[in-house]
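Close look at the chain arrangement
What follows is each chain in one-letter form.
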Amino acid sequence: MTTGKTTDPQSRAGRLPARVALGTMHGKERALAPAFDRLSVRLIVPAGLNTDSFGTFSAETPRAGSMEDAARAKIAAALAVTGLPVGLASEGAYGPHPAVPFMAAGLEILMWRDADQGHEIIERLGDDRPAYDRAEVADMDQAAPLLTRMGFPETALIVSPAGDARGPVAKGLTGLSELAAAIVAACKASPVGKAVLQTDMRAHMNPRRMSMIARLGLRLAERLACRCDGCGAPGWGRLGTVPGLPCSWCGGPSLLIAHEVHGCTACGTTRPVPRPDGKTMADPGECPACNP
Ligand SMILES: [Zn+2]
Ligand SMILES: [Zn+2]
């Protein structure tokens, strides 16, 4: 594992809090609690927190700023309600795949933030097979053949009038008759007589997203168990990568990752770490000089 790992928990900074506020209203504690139980960290979900005010997937409230900003805002709200100093929140972004036509891609982040110390730890996970889909239909007959592809009814659907920015007529749909009624209502409200059908990306409505959040929780918990051997803070781990793995023909920098950078966001210590696959040379096919 990482070289910064130490088992000495005597530093005050190294101790994990017994209770951490989780900024969610979409049942993410179900996905995250098992990982944090192992660290004896209890997740506290504040009642009545409206995280939709920080942005919704169905675009009634566009997200202001970055995914990190949104996660930070959810944590701040959860800390304000609970009075706890440390919080946790996740944020996802989904859309068309940047490289592959007709494919979708997603990114999930999970942030741990100690507001007293301004110390943040972020884990990120990409999903190239997300339960994310969208289609326009004129009636239920056109919708029916799309439902399996969309993961319905395990993944809930949202129905909105096409060409109308007022937002969905219904969200969280998991029943056929409600879905059919929503499609009729949306077509009626639409200036072009069509309904937009899309997967509900809220975590409690999208099992694929929930499983991604659970995986992120395990990764973050594993990382929190790694302490910085410089300052003792929890969360030593991967911060980024450096490109330029040497080409096996010319020795020049290729497009591949040369090594990872691991470090501590509390004290700023960083250390280069070899690629997890052990590769030390790149194929000439990845080299801009040998394969321009
Ligand atoms: Zn080369
Ligand atoms: Zn440190």
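Here the structure is a predicted model, which is why all the values come from computation and not from measurement.

1. Here's the deal with the coordination of the zinc ion (ligand 2)
Listed as protein donors to the zinc ion (ligand 2) are C228 (SG), C231 (SG), C264 (SG) and C267 (SG); their distances from the metal cover 2.3 to 2.4 Å. One can describe the site at the zinc ion (ligand 2) as tetrahedral: its four donor atoms subtend angles covering 105 to 114° at the metal. On the basis of relative accessibility, which here comes to 1%, the residue C228 falls in the buried class.

2. Digging into the side chain of E91
Counting through the fold element by element, E91 comes out in strand β3 (residues 86-96). For E91, a relative accessible area of 6% translates into the label buried. Here the side chain of E91 touches K74 through a polar contact of 2.7 Å, side chain to side chain.

3. So, the packing of helix α1 (residues 29-37) against helix α5 (residues 207-224)
Following both chains from N to C, one finds α1 and α5 inclined at 25°, their axes separated by 8 Å at the closest point. Between α1 and α5, the interaxial angle falls into the category roughly parallel. At the point where α1 passes α5, the crossing takes the right-handed sense. Along the contact surface, α1 presents R30, A31, L32, A35 and F36, while α5 presents M210, I213, A214, G217, L218, L220, A221 and L224.

4. Thoughts on the domain arrangement of the chain
We note that the domain assignment places domain 1 (4-130 + 203-234), domain 2 (134-199) and domain 3 (240-286) within the chain. In this assembly, eight residues from domain 1 lie in contact with five residues from domain 3. Taking both partners together, domain 1 and domain 3 bury about 480 Å²; carbon and sulfur atoms supply 56% of that area. For R271, the salt bridge identified is with D229, shortest N-O distance 3.4 Å. Along the contact surface separating domain 1 from domain 3 lie three residue pairs in polar contact (both at pLDDT 80 or more).

5. Here's the deal with the pattern of salt bridges
Taken as a whole, this structure holds 15 salt bridges when the rule is applied. Across the salt bridge formed by E68 and R124, the nearest N and O atoms sit 3.0 Å from each other. Within this pair, whereas E68 is found in helix α2 (residues 67-82), its partner R124 is found in strand β5 (residues 119-127), the two being separated by 56 residues in sequence. With a shortest N-O distance of 2.8 Å, R113 and E120 are connected by a salt bridge. Taking relative accessible area as the criterion, R113 reaches 21% and is therefore assigned partly exposed. Look at the salt bridges and you will find they share partners, linking D69, R72, R113 and E120 into a network.

6. Considerations on the pairing of β5
Among the nine residues that make up β5, seven are buried, leaving the element largely enclosed by the rest of the structure. Bridge count between strand β4 (residues 104-114) and β5: nine bridges; the pairing is antiparallel. Bridged to L110 within β5 is E123.

7. Notes on the packing of aromatic side chains
Each aromatic ring pair is summarised here by two numbers: the centre-to-centre distance and the angle between the ring planes. Inspection of every chain in the model, using the stated rule, returns two aromatic pairs. With centroids separated by 6.3 Å and ring planes inclined at 5°, the aromatic side chains of F36 and W112 adopt a geometry described as stacked. With a gap of 76 residues between them, F36 in helix α1 and W112 in strand β4 connect regions that are remote in the sequence. Taken as a pair, F36 and W112 share a single burial class, namely buried. Measuring from ring centre to ring centre gives 6.3 Å for Y94 and Y132, while their planes differ by 20°; the resulting arrangement is stacked. Placement of Y94 in strand β3 and of Y132 in the loop between β5 and β6 (134-137) is noted, with a sequence separation of 38 residues between them. Owing to a relative accessible area of 15%, Y94 belongs among the buried residues under this scheme.

8. Description of the coordination of the zinc ion (ligand 1)
Looking at the metal site, the zinc ion (ligand 1) is ligated by C247 (SG), C250 (SG), C287 (SG) and C290 (SG), spaced 2.2 to 2.4 Å from it. One can describe the site at the zinc ion (ligand 1) as tetrahedral: its four donor atoms subtend angles covering 102 to 113° at the metal. As a motif over one chain, the donors of the zinc ion (ligand 1) read C-x2-C-x36-C-x2-C. On the basis of relative accessibility, which here comes to 29%, the residue C290 falls in the partly exposed class.

What counts and what doesn't
- Residues numbered from 1 in each chain as written.
- Chains lettered and ligands numbered in written order.
- Predicted model: local features only at pLDDT ≥ 70, side-chain atom pairs only at ≥ 80, totals over all residues.
- Heavy atoms only, no water.
- Donors = N, O, S within 2.8 Å, 3.2 Å for Na, K, Ca; no water.
- Tetrahedral: all angles 85-135°; square planar, octahedral: opposite > 155°, others 65-115°.
- Buried < 20%, exposed > 50% of the residue type's maximum accessible area, 1.4 Å probe, protein only.
- Helix = DSSP H or I, 4+ residues; strand = E, 2+ residues; numbered from the N terminus.
- Polar contact = N/O pair within 3.5 Å; in protein donor to acceptor, adjacent residues only side chain to side chain.
- Axes fitted to C-alpha atoms, helices over the stretch in contact; angles between N-to-C directions.
- Parallel < 35°, antiparallel > 145°, perpendicular 65-115°, else oblique.
- Left-handed = near helix turned anticlockwise from the far one by under 90°.
- Contact = heavy atoms within 4.5 Å.
- Domains from an automatic or database assignment.
- Buried area = accessible area lost by both parts, 1.4 Å probe.
- Salt bridge = Lys/Arg side-chain N within 4 Å of Asp/Glu carboxyl O.
- Pairing = 2+ DSSP bridges.
- Phe/Tyr/Trp six-rings, centres within 6.5 Å; stacked < 30°, edge-to-face > 60°.

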